[in-house]
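Inside the fold
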Amino acid sequence: MVDTGLLERLKEAVKDAPDFPRPGILFKDIMPVFQNPTLVWDTCEALVHEVKKVGNPDVIIGIEARGFLIGPIMSMIMGIPFVAIRKKGKLPRECFSVKYEKEYGVDEFDMQKDALTPGQKVVVVDDLLATGGTLEAAAKLCDMAKATVITHCIMFELDFLKGRERLSHPVVSLVRY
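Because the structure is predicted, anything quoted here is derived from the model rather than measured. Residue positions are given per chain, counted from 1 along the sequence in the order it is written. The predicted origin of the model limits local features to residues at a pLDDT of at least 70 and limits the giving and counting of side-chain atom pairs to 80 or more, whereas totals for whole chains, interfaces and linings rest on all residues. Just so you know, side-chain values use all the structure's heavy atoms and leave hydrogens and water out.

1. Some points on the overall build of the protein chain
Stated formally: Where helices and strands are cited, they refer to DSSP runs of H or I of at least four residues and of E of at least two residues respectively, numbered from the N terminus. Note that the radius of gyration is over C-alpha atoms, with the globule rule given as 2.2 Å times the number of residues to the power 0.38. Three labels apply to residues, based on accessible area from a 1.4 Å probe with only protein chains included: buried if under 20% of the type maximum, exposed if over 50%, partly exposed otherwise in between. Contacts between residues were defined by any pair of non-hydrogen atoms, one from each residue, lying within 4.5 Å. Using the Shrake-Rupley algorithm and a 1.4 Å probe, accessible areas are obtained, with residue cover drawn only from the displayed protein chains.
Along the protein chain, the regular secondary structure elements total five helices and nine strands. When the elements of the protein chain are put in sequence order from the N terminus, they spell out α-β-β-α-β-α-β-β-β-β-α-β-α-β. Its C-alpha radius of gyration of 16 Å places the protein chain within 12% of the 16 Å reference for a compact globule of 177 residues. In terms of principal-axis extent, the alpha carbons of the protein chain reach across some 40 × 35 × 30 Å. The buried share of the protein chain, taken over its 177 residues, is 49%. Taking the contacts inside the protein chain whose residues are at least 6 apart along the sequence as the reference set, 59% of them involve residues at least 24 apart. Per element, the accessible surface of the protein chain, about 8700 Å² overall, is 53% carbon and sulfur.

In structure tokens, the structure reads:
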């Protein structure tokens, strides 16, 4: 069970941005969370605790860009490597690539082919679960590398968009709207 005090501090830090990035969208701005180093550390420790209930990963995978803010901290706490999934064309060397649909259109992700080895157990980390397209794409990249996703690890989840239903792996999230 995650400390309810932490959950309240996270909820208080998030700011609503109405009509962003387009009219009718209520954007949850999580960037104020990162203005409080103690809150970031406590959040990462809570996520690690929840991940360990699911299993013991070999690697933390972070999705560009906000997965890069919490993923490396989690990997340091756990003493395991961090691997980045980036937007198309941002990584050197040979990459696996996958196109995916997100809330506002289509995009493409890359992951370096030598970043994972077959059989490694991984946790895919991102800030927010909305429709699930981003996490689904990340899992496909892990499948291409013959790694096993043991869970997706999320700070915030928008339940009303039903992204969890789209995913074939467990989801660990702290705050659900």
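2. Concerning the state of the cysteines
Here a disulfide denotes one covalent bond, and it connects the sulfur atoms of two cysteines. Which entries qualify depends on this criterion: To count as a disulfide, a pair of cysteine sulfur atoms needs to be within 2.5 Å.
Evaluated as defined, the whole model comprises zero disulfides. Unpaired in terms of disulfides, Cys 44 finds its nearest cysteine sulfur in Cys 153, a separation of 8.5 Å.

3. Some thoughts on the nonpolar core
Which entries qualify depends on this criterion: Take the buried Ala, Val, Leu, Ile, Met, Phe, Trp, Tyr and Cys residues and link them wherever side-chain atoms come within 4.5 Å; each set so joined is a nonpolar core.
Core analysis: the biggest nonpolar cluster contains 29 residues, and Leu 10, Val 33, Met 74, Met 155, Phe 156 and Leu 174 have the highest contact counts within it. Listed by contribution, the elements that provide at least two residues to this core are α1 (4-13), α2 (37-54), α3 (67-78), β7 (121-129), β8 (148-157) and β9 (171-176). When residues of this core are assigned to their parent elements, the largest contribution, seven residues, is made by α2. If sequence neighbours within four positions are ignored, Phe 156 has contacts with Leu 10, Val 14, Ile 30, Val 33, Asp 127, Leu 128, Leu 129, Val 175 and Tyr 177. One finds Val 83, Val 124, Leu 135 and Ala 147 within the second-largest nonpolar core, a separate group that totals 26 residues.

4. Here we look at the side chain of Glu 50
Counting through the fold element by element, Glu 50 comes out in helix α2. Once residues within four sequence positions are removed from consideration, Glu 50 is found in contact with Met 1, Val 2, Val 172 and Leu 174.

5. A few points about the sheet that holds strand β6 (residues 105-112)
Let me state the cut-off plainly: Criterion used throughout: strands pair if DSSP finds at least two bridges between them. Fitted lines through C-alpha atoms give the axes, limited to the stretch in contact for helices. The angle between two N-to-C directions lies from 0 to 180 degrees.
As summarised here, the arrangement of the seven strands in space is β5-β6-β4-β3-β7-β8-β9, forming an open sheet in which the pairing is mixed. Edge strands, defined here as strands with exactly one partner in the open sheet, are β5 (95-102) and β9. Within the sheet, the average angular offset between the axes of one strand and its neighbour, ignoring direction, is 25 degrees. Strand direction decides the pairing type here: β5 and β6, joined by eight bridges, are antiparallel. Bridge pairing in β6 links Glu 101 to Val 106. With respect to the sheet, helix α4 (residues 133-144) is in contact with β3 (59-63), β4 (82-87), β5, β6, β7 and β8, its orientation differing from that of β5 by roughly 160 degrees.

6. Thoughts on unusual backbone geometry
Residue Pro 21 is reached from Phe 20 by a cis peptide bond, and omega for that bond is 5 degrees. Position of Pro 21 relative to the elements: it lies in the loop between β1 (15-18) and β2 (26-29). At the junction of Glu 64 and Ala 65, the peptide bond is cis and its omega measures out at 0 degrees in the coordinates. Not every positive phi belongs to a glycine, and Lys 146 is a case in point at roughly 65 degrees. Within the secondary structure, Lys 146 sits in the loop between α4 and β8. Although it is not a glycine, Lys 162 adopts a positive phi angle of roughly 60 degrees.

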